[in-house]
Amino acid sequence: MNAQHLNDEAQKVKAWSIFGIGSPIGDDQAGWQVATALRERDPELVRMESVRVPLDLLHVLDQCERIVIIDACRIIGIEEAGDRALPERILDCDRARVYQWHWPSAKLSSARWLNSHGVGVVQVLELADELGILPSEVIVFGIEVIGDVVCETEMPAVVRSPHLDPDWKSIAECIWQKLHVELEAV
Amino acid sequence: MVDLNSERRIRVPILTRVEGEGGLYVQLDGNEIKECQLNIYEPPRLFETLLIGRSFEDVADITARICGICPIAYQMTAVQALENAMGVKVSPEVERIRRLIYYGEWIESNVLHVHLLQAPDFFDCDSAIELAKRFPNEVKRGLQMKKFGNRLLEVFGGRAIHPINLAVGGFYRLPRFDEMASLLSEFEWGLQAAIETVRWLAALDFPEYDGQYDFVALKHDDEYAIHRGKIAFGADRLIAIDQYEQHFGEEHVAHSTALQSCQLNGRTTYFVGPLARLHWNRDLLSSSAKRIADEIHWSDCHNPYRGIVGRSIEVVHAFEEALNILRSYDPKVPPRATFTVRAGEGCSATEAPRGLIYHRYRVDDAGKVQFAKIVPPTSQNQAQIESDLRRLLPTILQRPDLEVGILCERLVRNYDPCISCSTHFLRVTLDRGDGKPPTVIRA
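Quick caveat: nothing in here was measured; it's all calculated off a predicted structure.

Draft legend 1. Inspection of empty space enclosed by the protein at higher detail. There is about 90 Å³ of room inside the largest cavity. Lining the largest cavity we find 11 residues, and of these Asp56(A), Ile69(B), Glu108(B), Lys146(B) and Ile161(B) sit closest to its centre. Contributing elements (two or more residues each) for the lining of the largest cavity: helix H4 (92-122) and helix H6 (136-157) of chain B. For the lining of the largest cavity, the per-class residue count stands at 6 nonpolar, 2 polar and 3 charged. In this model, the second largest cavity occupies a volume close to 60 Å³. Lining of the second largest cavity is provided by Phe271(B), Val272(B), Gly273(B), Pro274(B), Leu275(B), Gly307(B), Arg311(B), Arg354(B), Asn381(B), Asn414(B) and Tyr415(B). Elements with a contribution of two residues or more to the lining of the second largest cavity: helix H10 (274-281) and helix H12 (307-327) of chain B.

Draft legend 2. Up close: H12(B). In this model, H12(B) (21 residues) spans 30 Å end to end at C-alpha, consistent with the 30 Å of a helix rising 1.5 Å per residue. Most of H12(B) sits inside the fold, with 19 of its 21 residues counted as buried.

Draft legend 3. Just the nonpolar core, in detail. Phe187(B) and Tyr361(B) are the most contacted members of the largest nonpolar core, which has 155 residues in total. The element best represented in this core is H4(B), accounting for 15 residues. In contact with Phe187(B), not counting residues within four places along its chain, are Ile107(B), Phe148(B), Leu152(B), Phe319(B), Ala322(B), Leu323(B) and Leu326(B). In this structure, Ala35(A), Leu38(A), Met48(A) and Ala96(A) belong to the second largest nonpolar core, which totals 25 residues.

Draft legend 4. Examining the sheet that holds strand E12 (residues 355-363) of chain B more closely. Residue and element names in this part refer to chain B. Taken together, the 3 strands give an open sheet; going across it, the order is E11-E12-E13, and neighbouring strands pair in antiparallel fashion. Each edge of the open sheet carries a strand with a single partner, namely strand E11 (344-352) and strand E13 (369-375). Going from strand to strand, the sheet's axes swing by 10 degrees on average, the running direction of each strand aside. Alignment of E12 against E13, held across 6 bridges, turns out to be antiparallel. Residue Tyr 358 lies in a different strand from E13, and its bridge partner there is Val 375. Across the sheet, helix H13 (residues 377-396) is in contact with E11, E12 and E13; its angle to E12 comes to roughly 130 degrees.

Definitions and limits used
- All residue numbers refer to positions counted from 1 along the written sequence of the respective chain.
- Think of it this way: whatever chain is written first is A, whatever ligand is written first is 1, and the rest follow in order.
- Only residues with pLDDT of at least 70 are given local features in this predicted model, and only at 80 or more are side-chain atom pairs given and counted; all residues enter the totals for whole chains, interfaces and linings.
- Each side-chain value is worked out from all heavy atoms of the structure, with water and hydrogens disregarded.
- Here a cavity denotes grid points, spaced 1 Å and computed from the protein atoms alone, that fit a 1.4 Å probe unable to get out, and a pocket denotes an open set having protein on both sides within 12 Å along at least 5 of 7 lines; residues with an atom within 4 Å of a point are the lining.
- Grid points are joined across faces, edges and corners, and a volume is the space filled by probe spheres set on the points.
- By definition, any uninterrupted DSSP run of H or I lasting at least four residues is a helix, any uninterrupted run of E lasting at least two residues is a strand, and each is numbered from the N terminus.
- In the scheme used here, Gly and all other residues not listed as nonpolar or charged are polar, with Ala, Val, Leu, Ile, Met, Phe, Trp, Tyr, Cys and Pro taken as nonpolar and Asp, Glu, Lys and Arg as charged.
- Helices are assigned an expected span. That span is 1.5 Å times one less than the residue count.
- When accessible area is computed with a 1.4 Å probe and restricted to protein chains, residues below 20% of their type maximum are described as buried, those above 50% as exposed, and intermediate ones as partly exposed.
- Buried residues of nine kinds, namely Ala, Val, Leu, Ile, Met, Phe, Trp, Tyr and Cys, make up a nonpolar core once their side-chain atoms join them within 4.5 Å.
- Contacts between residues were defined by any pair of non-hydrogen atoms, one from each residue, lying within 4.5 Å.
- Two strands are said to pair when DSSP picks up at least two bridges between them.
- Comment: axis = line fitted to C-alpha atoms, over the contacting stretch for helices; angle = value between 0 and 180 degrees taken between N-to-C directions.

As structure tokens, then:
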């Protein structure tokens, strides 16, 4: 791999904007944690923003060429999914499952996304598409945290044991590898 | 064909395009309405109890978490109530800048409701996505206005959601002049965009409805009241904010985890929000807002469907007043009053985008909260919404269940309810009593 190749690759990665959606609390922190770990992995190459609600994406999408969205989700059951095919699972680790979608994909509706005012990731992407502000490439990673234990780091009465958290860095590494596969295809 | 002689039960399990989770249950016996309940089933969030024992300095940050859409309303009302409790006086400049940041919240919240949540109802669109297919430029314009409202909150509050700059006594830091100046051209554009939005919406065909409301809102002698003034209600009554609890109370009803408010004298319902504010304060609108209100022949309005226009007039006002404050902004004033922490009790009321919000706190001599009371706008409108549904239902009973549910949902959306605030989404259940299972609409 020569320097020119590395430079080309860097330029390609720079064209990706990564958005982690969520909050600092409970399983909803998945989007922020993984996006942060991606930036830590290579701060030069990744433009990353943490947003609280999917609606906020509408204010920045027109400035992006390609975007990656990382958000917490719940995959619906096979019975409920019916004809809707389930998404590609790219990682199955101790405390989380990670799924990947390419927009447009009907499979996105096989997940439940946390949202405000009934406007989640899927609705925001559909709206952006209608308005002509959707970047040419959109990849969505959904992180489903497994287990019933929901603890909140900010409440002293309920202590969140670190081992209950998924390994955010491993998830970020897996997503990083997947993005490189995407780059090869660009 | 609907059998009007049978019992019917209509249930909308989840009301869409509102914030929070709640439902609507309607039980009919022929033409008689046996039950009409706005079910709020989100778990109680117990914020008032969470505040007990916390420092007065924490209250603004904790109450902001009640709502991601209108955190400033909670923060502002909280810090003002605590200032009253501890005898803190803030400077006129801090008062002006408080209005400015509140306008940012009015813009982002009202524009979101108008374009993405309520406007689809008037074009028979199921969603903002469908609306965007037909009116891409109008939706884009709305999103741009919302963005600028968010920008103001970011510059002044540190971030758009759950800002961190409001403090008892003023602000932790005032933005530099160049940070504020960057907003001027955006707000000049926003003012014209807001005027065009009013023209767009005023041309809509609205359902006929006269709610004969008792409007309750803040009123101030010199300004379109947003963060101070007296409480106006009834035919022409004005009371000081500290008399609020003598006239308005909350009670628990079994089908709701939010408390419902009523007027204590007669236990009657009342209406808070943009229509109430315009009723009491129209003559104090900014010049452009007054001009556009005259142009569209806006008159005192008791039709909740037209609230979308009222809300948009307020957006014009908010952009123009914000511009006035931005142009004369002086960051050299002290951002925060100095004060001595002391025991006391105080209250405050301000105008959240959805309507009047009231807080009362008692603190000890170390500034720890001993008592907290928070009355959000949606709690106050909840009984009024049920009353409106009881008026609407007899006029639509002959329609199929699905349509009844949709029309009920639309009526509820007029109020821009924030169910998460009130504790805190909606579905309609229609039980026609014909032995068949109730219809659950919008599951």
